[in-house]
Amino acid sequence: MRRKLQTLVLLLLPLLTGGCLTQKLWTESALDEWNEPATPANLRVFDAGVRKDFLVVYDERSGRHSTLRTRAYFLNQNLDRLREKHAPRFASPGLTNNFAALPLLHQFVIGGSNAPARPFVVSTTNTTSFAIYFPDGAEEYQLPVYADNVGGYERAALTPLAVTADVTMDASIVGGVAAYFWLYTGAPGLVR
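Now for a description of the structure that goes with this document.

Thresholds applied
- Residues numbered from 1 in each chain as written.
- Predicted model: local features only at pLDDT ≥ 70, side-chain atom pairs only at ≥ 80, totals over all residues.
- Heavy atoms only, no water.
- Helix = DSSP H or I, 4+ residues; strand = E, 2+ residues; numbered from the N terminus.
- Buried < 20%, exposed > 50% of the residue type's maximum accessible area, 1.4 Å probe, protein only.
- Contact = heavy atoms within 4.5 Å.
- Areas by Shrake-Rupley, 256 points an atom, 1.4 Å probe, with all protein chains shown as cover.
- 1 Å grid on protein atoms, 1.4 Å probe; cavity = no way out; pocket = protein on both sides within 12 Å on 5 of 7 lines; lining within 4 Å.
- Points joined across faces, edges and corners; volume = space filled by probe spheres on them.
- Pairing = 2+ DSSP bridges.
- Lys, Arg positive; Asp, Glu negative; His and termini not counted.
- Salt bridge = Lys/Arg side-chain N within 4 Å of Asp/Glu carboxyl O.
- Polar contact = N/O pair within 3.5 Å; in protein donor to acceptor, adjacent residues only side chain to side chain.
- Phe/Tyr/Trp six-rings, centres within 6.5 Å; stacked < 30°, edge-to-face > 60°.
- Lys NZ or Arg CZ within 6 Å of the ring centre and 35° of its normal.

Moving on, we get to the overall build of the protein chain. The helix and strand inventory of the protein chain stands at 4 helices and 11 strands. Relative to its 192 residues, the protein chain shows a buried fraction of 32%. Put simply, 50% of the contacts in the protein chain that link residues at least 6 apart link residues at least 24 apart. Approximately 12400 Å² of the protein chain is accessible, and the part contributed by carbon and sulfur atoms is 59%.

With that settled, consider the layout of surface pockets. In this structure, the largest pocket spans a volume of roughly 180 Å³. In this structure, the largest pocket is lined by L79, L82, R83, K85, Y141, Q142, L143, P144 and V145. Those elements that provide at least two residues to the lining of the largest pocket are α3 (79-83) and β10 (137-142). Top element by residues in the lining of the largest pocket is α3. It accounts for 3 residues.

Next up on the list: the sheet that holds strand β9 (residues 129-134). Ordered by their spatial adjacency, 4 strands build an open sheet running β7-β8-β9-β10, and the pairing between neighbours is mixed. Looking at which strands have only one partner, the edges of the open sheet turn out to be β7 (104-105) and β10.

Looking at where D59 falls in the secondary structure, it is placed in strand β3 (residues 54-62). Despite its burial, D59 pairs with no opposite charge, the nearest such side chain being R44 at 4.5 Å. Beyond its immediate stretch of four places on either side in the chain, D59 contacts P37, A38, A41, N42, R44, R69 and T70.

The next subject is the pairing of β3. Burial within β3 is extensive, with 8 of its 9 residues counted as buried. For strand β1 (residues 34-37) and β3, the ladder comprises 3 bridges, and the chain directions are antiparallel. Within the sheet, the bridge partner assigned to P37 lies in β3 and is E60. With 4 bridges joining them, strand β2 (residues 44-47) and β3 adopt antiparallel strand pairing. Bridged to F46 within β3 is L55. Of the strand pairs in this sheet, β3 and strand β4 (residues 67-74) are connected by 8 bridges, and their pairing is antiparallel. Following the sheet pairing, D59 is matched in β4 by T70. Taking the residues between adjacent antiparallel strands as the criterion, β3 and β4 are bridged by 4 residues, where S66 takes a positive phi near 50 degrees.

Quick look at the side chain of R71 now. Tracing the backbone through its elements, the reader meets R71 in strand β4. Separated by 3.1 Å, the side chains of R71 and E60 make a polar contact.

What follows concerns the environment of T124. Examined against the element boundaries, T124 turns out to sit in the loop between β8 (120-123) and β9. Here the alpha-carbon distance between T124 and Q107, two residues 17 residues apart in the chain, equals 6.5 Å.

Tallying each qualifying case throughout the model produces 6 aromatic pairs. Between F90 and Y146 the ring centres are 6.2 Å apart and the planes differ by 50 degrees, which places this aromatic pair in the tilted class. Of this pair, F90 sits in strand β5 (residues 90-91) while Y146 sits in strand β11 (residues 146-147), and the two are 56 residues apart along the sequence. A residue is classified by how much of its surface remains accessible, and Y146, at 4% relative accessible area, is buried. In this structure, R71 packs its charged tip against the face of F90, placed 3.8 Å from the ring centre.

Written out as C-alpha coordinates, the structure reads:
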(Lines give C-alpha, C1' and ligand atoms only; values in the text may rest on other atoms or scores of the structure.)
Protein backbone atom coordinates (compact mmCIF):
# COMPACT_ATOMS: atom_id res chain seq x y z
CA MET A 1 0.00 0.00 0.00
CA ARG A 2 2.80 2.38 0.91
CA ARG A 3 4.54 1.74 -2.40
CA LYS A 4 1.32 2.54 -4.33
CA LEU A 5 0.99 5.81 -2.44
CA GLN A 6 4.61 6.73 -3.23
CA THR A 7 4.02 5.94 -6.89
CA LEU A 8 0.87 8.04 -6.97
CA VAL A 9 2.60 11.03 -5.33
CA LEU A 10 5.55 10.81 -7.72
CA LEU A 11 3.27 10.58 -10.76
CA LEU A 12 1.17 13.55 -9.59
CA LEU A 13 4.24 15.69 -8.84
CA PRO A 14 4.47 17.07 -12.39
CA LEU A 15 0.84 18.14 -12.26
CA LEU A 16 1.48 20.05 -9.04
CA THR A 17 4.47 21.89 -10.49
CA GLY A 18 3.20 22.30 -14.07
CA GLY A 19 2.54 25.71 -15.53
CA CYS A 20 4.82 27.61 -13.17
CA LEU A 21 6.45 29.77 -15.81
CA THR A 22 3.21 30.40 -17.71
CA GLN A 23 1.41 31.30 -14.49
CA LYS A 24 4.20 33.65 -13.47
CA LEU A 25 4.13 35.30 -16.90
CA TRP A 26 0.42 36.08 -16.63
CA THR A 27 0.11 36.91 -12.92
CA GLU A 28 3.44 38.32 -11.74
CA SER A 29 4.74 39.86 -14.92
CA ALA A 30 6.62 43.13 -14.86
CA LEU A 31 5.73 43.76 -18.51
CA ASP A 32 2.98 46.26 -17.66
CA GLU A 33 3.83 49.82 -16.79
CA TRP A 34 1.62 52.05 -14.71
CA ASN A 35 0.19 55.43 -15.55
CA GLU A 36 -0.34 57.62 -12.52
CA PRO A 37 -0.75 61.26 -11.55
CA ALA A 38 2.40 63.34 -11.89
CA THR A 39 3.93 65.03 -8.87
CA PRO A 40 2.50 67.65 -8.68
CA ALA A 41 -0.64 66.59 -10.57
CA ASN A 42 -1.68 70.15 -11.51
CA LEU A 43 -5.30 69.20 -10.69
CA ARG A 44 -8.20 71.25 -11.99
CA VAL A 45 -11.88 70.38 -11.64
CA PHE A 46 -14.67 71.92 -13.72
CA ASP A 47 -18.44 71.87 -13.20
CA ALA A 48 -19.90 70.21 -16.28
CA GLY A 49 -23.31 71.64 -15.35
CA VAL A 50 -25.86 70.18 -17.75
CA ARG A 51 -24.12 66.79 -17.66
CA LYS A 52 -24.44 66.72 -13.85
CA ASP A 53 -20.80 65.74 -13.79
CA PHE A 54 -17.34 67.18 -13.22
CA LEU A 55 -14.50 67.38 -15.71
CA VAL A 56 -11.28 66.44 -13.92
CA VAL A 57 -8.05 67.61 -15.56
CA TYR A 58 -4.62 66.57 -14.30
CA ASP A 59 -1.10 65.78 -15.44
CA GLU A 60 -0.28 62.09 -15.82
CA ARG A 61 3.10 60.37 -15.79
CA SER A 62 3.63 57.33 -18.00
CA GLY A 63 5.98 54.73 -16.53
CA ARG A 64 6.67 53.28 -19.98
CA HIS A 65 7.56 56.53 -21.70
CA SER A 66 8.68 58.71 -18.77
CA THR A 67 6.56 61.53 -20.14
CA LEU A 68 3.94 63.89 -18.77
CA ARG A 69 0.59 64.28 -20.47
CA THR A 70 -2.44 66.40 -19.60
CA ARG A 71 -5.50 64.16 -19.17
CA ALA A 72 -9.19 64.90 -18.69
CA TYR A 73 -12.15 62.70 -17.79
CA PHE A 74 -15.71 63.06 -16.55
CA LEU A 75 -15.74 62.00 -12.91
CA ASN A 76 -19.21 60.48 -12.37
CA GLN A 77 -19.18 58.75 -15.75
CA ASN A 78 -15.95 56.91 -14.82
CA LEU A 79 -16.40 56.09 -11.11
CA ASP A 80 -16.76 52.33 -11.67
CA ARG A 81 -13.73 52.19 -13.98
CA LEU A 82 -11.63 54.12 -11.45
CA ARG A 83 -12.62 51.80 -8.58
CA GLU A 84 -11.53 48.82 -10.69
CA LYS A 85 -8.15 50.45 -11.47
CA HIS A 86 -9.00 50.78 -15.18
CA ALA A 87 -8.21 53.80 -17.30
CA PRO A 88 -11.13 56.20 -17.44
CA ARG A 89 -12.69 57.10 -20.76
CA PHE A 90 -10.65 60.19 -21.42
CA ALA A 91 -12.04 63.43 -22.80
CA SER A 92 -10.30 66.33 -24.47
CA PRO A 93 -8.58 68.73 -22.04
CA GLY A 94 -9.81 71.46 -24.38
CA LEU A 95 -13.31 71.01 -22.95
CA THR A 96 -12.24 73.18 -20.02
CA ASN A 97 -13.23 76.18 -22.14
CA ASN A 98 -16.87 75.05 -21.92
CA PHE A 99 -17.14 74.73 -18.13
CA ALA A 100 -16.61 76.82 -15.00
CA ALA A 101 -13.63 75.90 -12.82
CA LEU A 102 -14.34 74.96 -9.22
CA PRO A 103 -12.28 76.79 -6.60
CA LEU A 104 -9.28 74.66 -5.57
CA LEU A 105 -7.86 74.74 -2.07
CA HIS A 106 -4.73 72.93 -0.98
CA GLN A 107 -5.74 72.98 2.64
CA PHE A 108 -9.13 73.35 4.28
CA VAL A 109 -10.10 73.60 7.92
CA ILE A 110 -13.73 72.69 8.48
CA GLY A 111 -15.56 75.59 10.00
CA GLY A 112 -12.96 78.04 8.75
CA SER A 113 -14.13 81.37 7.42
CA ASN A 114 -12.05 81.20 4.24
CA ALA A 115 -14.24 78.57 2.52
CA PRO A 116 -15.58 79.54 -0.90
CA ALA A 117 -19.15 78.83 -1.97
CA ARG A 118 -19.78 75.13 -2.48
CA PRO A 119 -18.98 73.10 -4.50
CA PHE A 120 -15.21 73.49 -4.22
CA VAL A 121 -12.23 71.13 -4.37
CA VAL A 122 -9.57 70.35 -1.75
CA SER A 123 -6.38 68.66 -2.88
CA THR A 124 -3.31 68.08 -0.79
CA THR A 125 -0.01 68.55 -2.59
CA ASN A 126 1.73 65.31 -3.67
CA THR A 127 -1.31 63.05 -3.21
CA THR A 128 -3.47 61.24 -5.70
CA SER A 129 -6.74 62.08 -4.01
CA PHE A 130 -9.01 65.08 -3.82
CA ALA A 131 -12.33 65.92 -2.22
CA ILE A 132 -15.27 67.84 -3.60
CA TYR A 133 -17.20 69.72 -0.95
CA PHE A 134 -20.90 69.90 -1.81
CA PRO A 135 -23.55 71.92 0.07
CA ASP A 136 -24.57 68.75 1.95
CA GLY A 137 -21.16 67.14 2.58
CA ALA A 138 -17.95 66.04 0.89
CA GLU A 139 -16.87 63.12 -1.30
CA GLU A 140 -13.29 61.94 -1.71
CA TYR A 141 -11.96 60.63 -5.03
CA GLN A 142 -8.74 59.10 -6.33
CA LEU A 143 -7.00 60.22 -9.49
CA PRO A 144 -6.53 57.35 -11.99
CA VAL A 145 -3.73 54.84 -11.44
CA TYR A 146 -3.88 52.05 -14.02
CA ALA A 147 -1.76 49.59 -15.99
CA ASP A 148 -1.17 50.57 -19.59
CA ASN A 149 -1.91 46.96 -20.73
CA VAL A 150 0.74 47.14 -23.42
CA GLY A 151 2.39 44.19 -21.66
CA GLY A 152 -0.51 41.98 -22.81
CA TYR A 153 0.97 41.83 -26.30
CA GLU A 154 4.37 40.80 -24.97
CA ARG A 155 2.73 38.18 -22.72
CA ALA A 156 0.80 36.75 -25.66
CA ALA A 157 4.02 36.55 -27.69
CA LEU A 158 5.95 34.89 -24.83
CA THR A 159 3.21 32.41 -23.87
CA PRO A 160 4.21 29.68 -26.40
CA LEU A 161 7.79 29.79 -25.07
CA ALA A 162 6.59 29.61 -21.45
CA VAL A 163 4.24 26.70 -22.22
CA THR A 164 7.07 24.88 -24.02
CA ALA A 165 9.36 25.38 -21.03
CA ASP A 166 6.64 24.13 -18.64
CA VAL A 167 5.95 21.04 -20.76
CA THR A 168 9.69 20.32 -21.03
CA MET A 169 10.06 20.63 -17.26
CA ASP A 170 7.07 18.36 -16.66
CA ALA A 171 8.33 15.80 -19.19
CA SER A 172 11.74 15.81 -17.48
CA ILE A 173 10.11 15.13 -14.12
CA VAL A 174 7.95 12.33 -15.54
CA GLY A 175 11.00 10.89 -17.33
CA GLY A 176 13.07 11.05 -14.16
CA VAL A 177 10.33 9.33 -12.13
CA ALA A 178 9.92 6.64 -14.84
CA ALA A 179 13.70 6.08 -14.96
CA TYR A 180 13.80 5.76 -11.17
CA PHE A 181 11.07 3.13 -11.15
CA TRP A 182 12.60 1.32 -14.11
CA LEU A 183 15.96 1.15 -12.34
CA TYR A 184 14.27 0.34 -9.00
CA THR A 185 12.53 -2.66 -10.55
CA GLY A 186 15.81 -4.00 -11.86
CA ALA A 187 15.79 -2.35 -15.31
CA PRO A 188 13.58 -4.99 -16.99
CA GLY A 189 14.18 -5.39 -20.71
CA LEU A 190 17.78 -4.28 -20.48
CA VAL A 191 19.98 -6.57 -22.52
CA ARG A 192 22.87 -7.86 -20.43
